Amino acid sequence: MNQSRWPQWLPLREDLQELVPYGAPQLPSLAQLNTNENPYPPSRELVQAIAKRVEEVAGSLNRYPDREAIDLRSALANFLNELSGLHLSAKQIWAANGSNEVIQSLFLAFGGRGALGFTPSYSMHPLIARVTGTSWINGERREDFTIDAIAASAQILSTRASLIFVTTPNNPTGTAISLTDLEIMAKAAGSVGGLLVVDEAYAEFSQEHSALDLLEKYPHLVVIRTMSKAFAFAGARVGYLAGDEEVVNAMQIVRLPYHLSALTQAVALVALEHRKELLSAVETLIASRQWVSRQLESLGVKVVPSSANFLLFTVPSSQEIWQSLLDQGVLVRDVGLSGYLRVTIGNEAENERFISALRNSLGGK
């Protein structure tokens, strides 16, 4: 008997029938702290600059956008060069509709021998792997959620996966990996002909050196970034990759034509022009993260050290505390780790509301 929730007439692939769509709950709340967004909206001046650029582009929306997104890729290369002191060109950058499309394209282009990732980590990695028909291997982390680079390298050598994903700072734990450990893993990946994909969605919040510093030495290393987090531009959907020119050339084989709209490219360029404003909240969020962490510890809660804009913390019962917080208007994330919840760092009022609500949920400690 077919136990699938899908109708029998629908020829959905069998390997997808047990899956459910990815997505954090979008529920009414006074403090929405479950999706790791930047809580600070763009300034009025930036909004006006975006509106002006959109008006300029709107007159030619009858035409397809620049398929290669050269201006955007050049601007992203310049931004990364400012951060790293490198000399990246547009040919070494690939931009897409959020970092998830970048990840999907990597699976489509390079997933022939399977993919290895060190879980718990970003839940979309194994999901996209499955949707693209790529075999996924769960690598191991230490009990404190950090990665042992030597043990990880052994797993790379034994699996011989063509894609090795490392998320740093890691989601949902917030833990980061040193450049020294990344280099150890890069050497292992190179020895088996694999790509080491370093997902740096939260890198701006970390004190660790970026894997960008290793790009010139290791052509099989790829760095993924996003404009959704520190850039406070989640609604625009812009993610990008930095790597060897040949990696980018291969990505173009699997890309959809005209996958970045003219409007997306235009507003992303405006954001990069105003990057100092958009990134100015990073230090505020780091200080707020430290404050929230201290408050959690004062409640007797164990907090996983974080280099991102969120904190993973222990609770007596994940589901009960999550619901109790929601009942008080605070939406956090149940990431599927028993005894843990994750909270995004919000603005001052949101952070205080969260701590107050959690204190009530824990019995007023």
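Residues numbered from 1 in each chain as written. Predicted model: local features only at pLDDT ≥ 70, side-chain atom pairs only at ≥ 80, totals over all residues. Heavy atoms only, no water.

**Let's talk about the sheet that holds strand S5 (residues 163-167)**
The line we're drawing: DSSP calls a pair of strands paired once it identifies at least 2 bridges connecting them. To qualify as a helix, a DSSP run of H or I must reach at least 4 residues; to qualify as a strand, a run of E must reach at least 2; elements of each kind are numbered from the N terminus. Convention adopted: a line fitted to C-alpha atoms gives each axis, helices being fitted over their contacting stretch, and angles between N-to-C directions are expressed from 0 to 180 degrees. Whether two residues touch is decided by their heavy atoms; if any such pair falls within 4.5 Å, the residues are in contact.
Across the sheet, which stays open at both edges, the seven strands sit in the order S2-S8-S7-S6-S5-S3-S4 with mixed pairing between neighbours. What marks the edges here is a single partner per strand, and that holds for strand S2 (93-96) and strand S4 (136-139). Going across the sheet, the axis of each strand differs from the next one's by a mean of 20 degrees, ignoring polarity. With four bridges joining them, strand S7 (residues 221-226) and strand S8 (residues 239-242) adopt antiparallel strand pairing. When the sheet's bridge partners are listed, Ile-224 is paired in S8 with Leu-241. Where helix H5 (residues 149-159) meets the sheet, it contacts strand S3 (115-118), S4 and S5, and its direction lies at approximately 160 degrees from that of S3.

**Focus on helix H11 (residues 318-327)**
In plain terms, the rule: To sort residues, take the accessible area from a 1.4 Å probe on protein chains only and compare it with the maximum for the residue type: under 20% means buried, over 50% means exposed, and anything in between is partly exposed. Arc definition: it is the arc formed by the directions from the helix axis to the C-beta atoms.
For H11, the set of buried residues is Ser-318, Ile-321, Trp-322, Leu-325 and Leu-326. For H11, the angular spread of the buried residues around the axis is 135 degrees, confining them to a single face. The outward face of H11, more than 90 degrees from its buried face, is lined by the exposed residues Gln-319, Glu-320 and Asp-327. Buried residues belonging to H11 abut strand S10 (330-331), strand S11 (340-344) and helix H12 (348-361). Following H11 by one or two positions, Gly-329 has its phi on the positive side, about 90 degrees.

**A few points about the environment of Leu-88**
For Leu-88, the position within the fold is in the loop between helix H2 (70-84) and S2. Overall, the relative accessible area of 9% leaves Leu-88 in the buried class. Beyond its immediate sequence surroundings of up to four residues, Leu-88 is in contact with Ala-77, Leu-80, Asn-81, Ile-93, Leu-215 and Ala-242.

**Let's talk about the environment of Glu-140**
Counting through the fold element by element, Glu-140 comes out in the loop between S4 and H5. Each C-alpha atom of the pair Glu-140 and Leu-83 lies 31 Å from the other, and the pair is 57 residues apart in sequence. Look past the residues within four positions of Glu-140 in its chain and what remains in contact with it is Phe-118 and Gln-155.

**A look at the packing of aromatic side chains**
What counts is decided by this rule: To pair, rings of Phe, Tyr and Trp, with the six-membered ring standing in for Trp, must have centres within 6.5 Å; the planes then decide the type, stacked if under 30 degrees apart, edge-to-face if over 60, and tilted in the middle. Placement of a charge over a ring requires the Lys NZ or Arg CZ to be within 6 Å of the ring centre, with the centre-to-atom vector within 35 degrees of the ring normal.
Per the stated rule, a full pass over the model turns up eight aromatic pairs. Three or more aromatic residues joined by ring pairs form one cluster here, namely Phe-107, Trp-136 and Phe-165. Taking NZ or CZ as reference, Arg-342 lies 5.4 Å from the ring centre of Phe-310, over its face.

**Topic: the pairing of S5**
Remark: a regular strand shows side chains that alternate across the two faces of the sheet. Where we set the bar: Call a crossover right-handed when, viewed with both strands pointing away from you, the route from the first strand across the helix to the second goes clockwise.
The element S5 is extensively covered by neighbouring structure, given that five of its five residues are classed as buried. Side chains Leu-163, Phe-165 and Thr-167 of S5 all project onto a buried face; the interleaved residues Ile-164 and Val-166 project onto the opposite face, where all are buried too. Relative to S5, S3 runs parallel, the two being bridged by three bridges. Bridging across to S5, Ala-115 finds its partner in Leu-163. Bridge analysis of S5 against strand S6 (residues 195-199) gives five bridges, and the strand direction is parallel. Within S6, the residue paired with Leu-163 across the bridge is Leu-195. In the classification by handedness, the crossover that spans S5, the intervening helix H6 (residues 179-191) and the parallel S6 is right-handed.

**Comments concerning the packing of H2 against helix H8 (residues 262-273)**
Geometry of a packed helix pair, given as the angle between the helix axes and the separation of the axes. Defined as follows: The cut-offs work like this: below 35 degrees is roughly parallel, past 145 is roughly antiparallel, 65 to 115 is roughly perpendicular, and the gaps in between are oblique. In a left-handed crossing the near helix is turned counterclockwise from the far helix by less than a right angle, and in a right-handed crossing that turn is clockwise. Ten residues, namely Ala, Val, Leu, Ile, Met, Phe, Trp, Tyr, Cys and Pro, are considered nonpolar, four, namely Asp, Glu, Lys and Arg, are considered charged, and the remaining ones, Gly among them, are considered polar.
Axis separation between H2 and H8 bottoms out at 10 Å; the angle between their running directions is 25 degrees. With respect to H8, the axis of H2 lies roughly parallel. Remark: the crossing between H2 and H8 carries left-handed chirality. Of H8, the residues touching H2 (which contributes Asp-71, Leu-72, Ala-75, Leu-76 and Phe-79) are Gln-265, Ala-268, Leu-269 and Leu-272. In terms of residue class, the contact of H2 with H8 is made up of seven nonpolar, one polar and one charged.

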